[in-house]
Amino acid sequence: MGPRPLNQYVLKVHSRCDLACDHCYVYEHADQSWRGRPREIAPETVSAAATRIAEHARDHGLHRIHLVLHGGEPLLLGAAGLAMVLTRLRGGIEPVAQLDLRMQSNGVLLTPQLCDLFVEHGVQVGISLDGDAVANDRHRRFAGGASSHAQVRRALALLRRPEYRDNYAGILCTVDVRNDPIQVYEALLAEAPSRIDFLLPHATWNSPPPRPDGAATPYADWLLRIYRRWVRDGWPVDIRLFDSLLATATGGQSGTESVGLDPAGLAVIETDGAWELADSMKTAFDGAAGTGLDVFRHPADAVASHPEFARSQRGVSQLCQTCRECPVVGQCGGGLRAHRYSDAGGFDNPSVYCADLKGLITSINHESSTSAVRTGAAPDPGGPRGDLLLDGLPADDLLDDLGAGYGSAANLRRLATAQLAYVRGLLVQIADRVAGTPIAAAWDLIVRLDEEAADAVSAAFAHPYVRRWARHCLAPPAGESPDWAFLGALAAGVAIRAGVGVDLEVPVRSGLVHLPGLGALALDEPGEREACLSIAGGGFTARAGHSAVAVPLAGPAPPPAAWLPVRQAELDGWRVLVEDLDPYRDCYEWPVAGRLGPAQLAFWRRSLAAAWTRIQRSVPGQAPGMRVGLRAVTPLRVDPTGRLRSAASRDAFGAVGTVPTDPDPLAELLVHEFQHMKLGAVLDVSVLYDPAYQRRLTVPWRDEPRPLEGALQGTYAHLALADIWRARPGAQAGQQYRRYRGWTVRTIDELAATGALTEHGERFVRRMRDTVDSWSDDPR
C-alpha cells in the first residue's frame, strides 16, 4: 500500500503577525525559520501550490480538498492580496476537486469588506480567543502590551451578523490553567460559535508546561470542569476535543491530530513555497517541521512519502512502549507528536501531558458511559420504551435539532451513547442466560477488559449488528435457536482490539469464524462448529480440526488469503465500513448481497465517495451528523426489476443498506435511510406517540394506509429528500422538490390531527413543519 494521499493543507499567506502572543509556537518556540521567509506569499507561489494540490487530487481520485489560510496573521495580506490568493486557489484546484476553504485569524483586522470577500469565495473564518478580557490578555496582546480583547470581540460580532453567520467557523482557545475554566467557557459560549477548539499549550519534555502548585493533572482537572458543565448544559456547542474523545470511545474517528490514531494527511506550505510538516512540530526543535521540499520542484506525492508521514500512518506501532501498553491509547493516540519530544529520547516518549490526557479520558469514559455492565440494569429485549437512556440530559435540544430534519454531531453522539447503553444492557441479560456454562468465560473476559481497555469494549459493542445478534438471542424468531456461542466471537474482537493475549472458543458458521467489525477467517475444515483462537502480538491463530491458521493484523507480515477483512470506503477525511460479512447483517426487508469482488468493491468505493461529495454540496446540514452516526453501508442484492432498494433497521443503529447505483441516486438513498436510522434512535429514547393508537393513516407515497410510526418515519425521510431536490438545478428537480415537499406537508397535518402525539411528539413534528415552512414553494 502506498502513502496516504494528502487532502488537508495549511497555506501560509503572511509570515508576520500584528499581535505578540507569548505562547505562539511560530515566533516564541524553538523553530525560528520565520525570520528568513518572505512576509507575503507571491502570486506565483500560490499558483504553484494550487497546481501541486490539484495534480495530487487528480492522481489519487480525491473529490474534496480542505485548505486553511494561515500565518502569522493572514489578514495582514489585505483585501487585494487575499482576493488574489482565493481566486488562484479556486481557479487552480476546483476544476479537479471541491475546495473547502477556511482561515484562522486573530480577528483584529477583520472588516465588512473582508467578510464580503469571504462570502464571495466561501471561506469559513475561525477566530482565536482565550476567554474573557482577563484570560485573553494573559497572552494575546499587542507588542506594546495593549489588550486585543475588544478588537477580537468586535470581529466575532461582525461574523455573527446574518449575512456573515454562515462563514463563522468557531473559536480556538489555548488553555491556561490559571484562568477560571467556567468563566472561560461562558465567555466563549456568549460569542455563539458553532465549535470551540481547546488547545493544550505547546510544550515538550525539554520545556514542560506550567503546573501550578505542583498539581499532578491540572490540565485534565481544568478541562473536566468545562466538560461537566457542557454536559449539564445539554452539549450546546461542538467542542472538538470532547467530541473526539467521545467518538473514539465508541470506535469512531478523532478527526484531529491532537488525540486518537487517525493517520495524518496534512501538509503545510510556507510563504516561500516550502513544504513543511504540521506547524506544531516547530515547538520541538529548530527545523523539526522542515522537509527540504518545495512546491516549485516537488509534487505533493513527495511530501506524502516523507518518513514523518509514514510514521503517522503506522498507528499504535509508532508510539513508545509506555503508550503501546496503555489502555486508553486508542483514544489518546500518544497526544500531539511534538509534545512527546525530548533531547534525550527524541519522539520516543509519552506526551508531556500523558497524566493529564489519561486522567481526562478515563474520567470522560466513566462519566459518559452508563453503569449497565456493572449494575445489571438492562432493557426489555422487545425494545426500549423511551425516555430511559438520555441519562438526565435535556431532551428538548435533541428533539428540536433532529426534528428540524438534520442533527448535529453532538446530538448524534448522544444517540450513539444511548444505543451503546442499550446494547450493554442486552449483553447483561445474555450473560445471565449463559452463567455457569463454558460460554460465561467470554463474558468474564469482557467485564475485565471493560475496566482495563474500555475503548476496545465500546468499539466492539458499537458495531451496528451486535444489537441485532443480541436481540436474536433473547427473542429468537420461531424455529430458530439462540446463538449464545457468538459471545465468544464478540469477546475475541474485544481482546484483539485491546491487544490482550488470551485463548477463546469461538463458533464456526458455514466455514467462517466471524469477528464483528474486523472480518472473518475461512477455515478448510468442513463440519467443524468450533475453533480455538489464541490471541497474541497483534493477531491471532485459529485452530480447528487438524489445521491451524495464523493471522497477523499488525506489523509488516501480510495476513493469509483466508482472512477476509471488513473493508472501508474513504469519504473525504473519514471512513465508512462496506459491511458484506457480518452474519447478522441480513436484517432488512430486502436480502443482502454476498462478499464483494474487487471490481464490485471498487465501484462501491467510487460511488460512495462521489455520493458523499453530493451530500455535502446539496444538503450540508446532514453532513455533521452522518460523519458521526453512519458507521457502515451494507450492500443489498440487486433487484432484477431494476428498482432501487434501500433499508434501515431499528436493530442496526449506524448501518444502512442499499443496492449499488450511481452517485446521485445513492446520495438520496443514503440520506433517506439515515433519516429512518436517526428517527428509530430518537424513538428509543423518547416516546413520540401513544402506542395504543391503532388507526392507520393515508399517506401519499403508499397505496395502503400506514401505522402512525410508519407515517412518521416516511414523513421524516421525505423531508430530507425534498431538501436534496431543493438544492438541485433544473425543471425536473423543481418538480421532484414540490412533490416531496407536498407529501411532507400533507402527512405532517395528518399526524398533528391524530391527537396521539405526546408532548415530545408534537415538538418533533412542529420542528419538521418549521423547516418546511421556511422553504419557498419553488426551489432556488
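Relevant structure appears above.
Before going into details, it helps to say that this report is about the structure given with it. Values in this document were obtained by computation on a predicted structure and should not be read as measured data. (Residues numbered from 1 in each chain as written. Predicted model: local features only at pLDDT ≥ 70, side-chain atom pairs only at ≥ 80, totals over all residues. Heavy atoms only, no water.)

This part is about the packing of helix α23 (residues 663-685) against helix α24 (residues 708-727). Taken N-terminus to C-terminus, the directions of α23 and α24 make an angle of 140°; their axes are 9 Å apart at the nearest point. When the interaxial angle is binned, α23 and α24 end up oblique. When you trace α23 past α24, the crossing you get is right-handed. Contacts between α23 and α24 involve A667, E668, V671, H672, Q675, H676, K678, L679, G680 and L683 on the former and, on the latter, E709, L712, Q713, G714, Y716, A717, A720, L721, I724 and W725. Looking at the contact of α23 with α24 residue by residue, the classes come out as eleven nonpolar, six polar and three charged. (Axes fitted to C-alpha atoms, helices over the stretch in contact; angles between N-to-C directions. Helix = DSSP H or I, 4+ residues; strand = E, 2+ residues; numbered from the N terminus. Parallel < 35°, antiparallel > 145°, perpendicular 65-115°, else oblique. Left-handed = near helix turned anticlockwise from the far one by under 90°. Contact = heavy atoms within 4.5 Å. Nonpolar A, V, L, I, M, F, W, Y, C, P; charged D, E, K, R; others polar.)

Bringing the sheet that holds strand β5 (residues 168-174) into the picture now. Two strands in a sheet stick together by hydrogen bonds in their backbones, pointing the same way (parallel) or opposite ways (antiparallel). Here ten strands make up an open sheet; going across it, the order is β7-β6-β5-β4-β3-β2-β1-β8-β9-β10 and the pairing mixed. Each of the sheet's edge strands pairs with one partner strand only, and the pair in question is β7 (238-239) and β10 (290-294). With three bridges joining them, strand β9 (residues 274-276) and β10 adopt antiparallel strand pairing. By the bridge assignment, A274 is partnered in β10 with D294. (Pairing = 2+ DSSP bridges.)

Together, D503, E505, E528 and E530 give the surface a local cluster of negative charge. For D503, the location among the structural elements is in strand β11 (residues 502-507). (Patch = residues over 30% accessible without salt bridge, like charges linked within 9 Å, V, L, I, M, F, W, Y side chains within 5 Å. Areas by Shrake-Rupley, 256 points an atom, 1.4 Å probe, with all protein chains shown as cover. Salt bridge = Lys/Arg side-chain N within 4 Å of Asp/Glu carboxyl O. Lys, Arg positive; Asp, Glu negative; His and termini not counted. Charge placed at Lys NZ, Arg CZ, Asp CG, Glu CD.)

This paragraph deals with unusual backbone geometry. Peptide bonds are mostly trans, and most non-glycine residues show a negative phi. Residue G72 follows G71 across a cis peptide bond; omega there is 20°. Mapping G72 onto the fold places it in the loop between β2 (64-70) and α2 (78-93). One non-glycine residue, A192, lies in the positive phi region at around 55°. The residue A192 is located in the loop between α6 (181-189) and β6 (195-199) in this model.

In this structure, the second largest pocket spans a volume of roughly 1,300 Å³. Looking at the second largest pocket, it is lined by 36 residues, and the ones nearest its centre are S646, H672, E673, H676 and R702. Only β21 (646-647), α23, α24 and α25 (731-753) provide two or more residues apiece to the lining of the second largest pocket. Top element by residues in the lining of the second largest pocket is α23. It accounts for ten residues. Broken down by class, the residue content of the lining of the second largest pocket amounts to 15 nonpolar, ten polar and eleven charged. (1 Å grid on protein atoms, 1.4 Å probe; cavity = no way out; pocket = protein on both sides within 12 Å on 5 of 7 lines; lining within 4 Å. Points joined across faces, edges and corners; volume = space filled by probe spheres on them.)

Treat this as a map of the structure, not an account of what it does.
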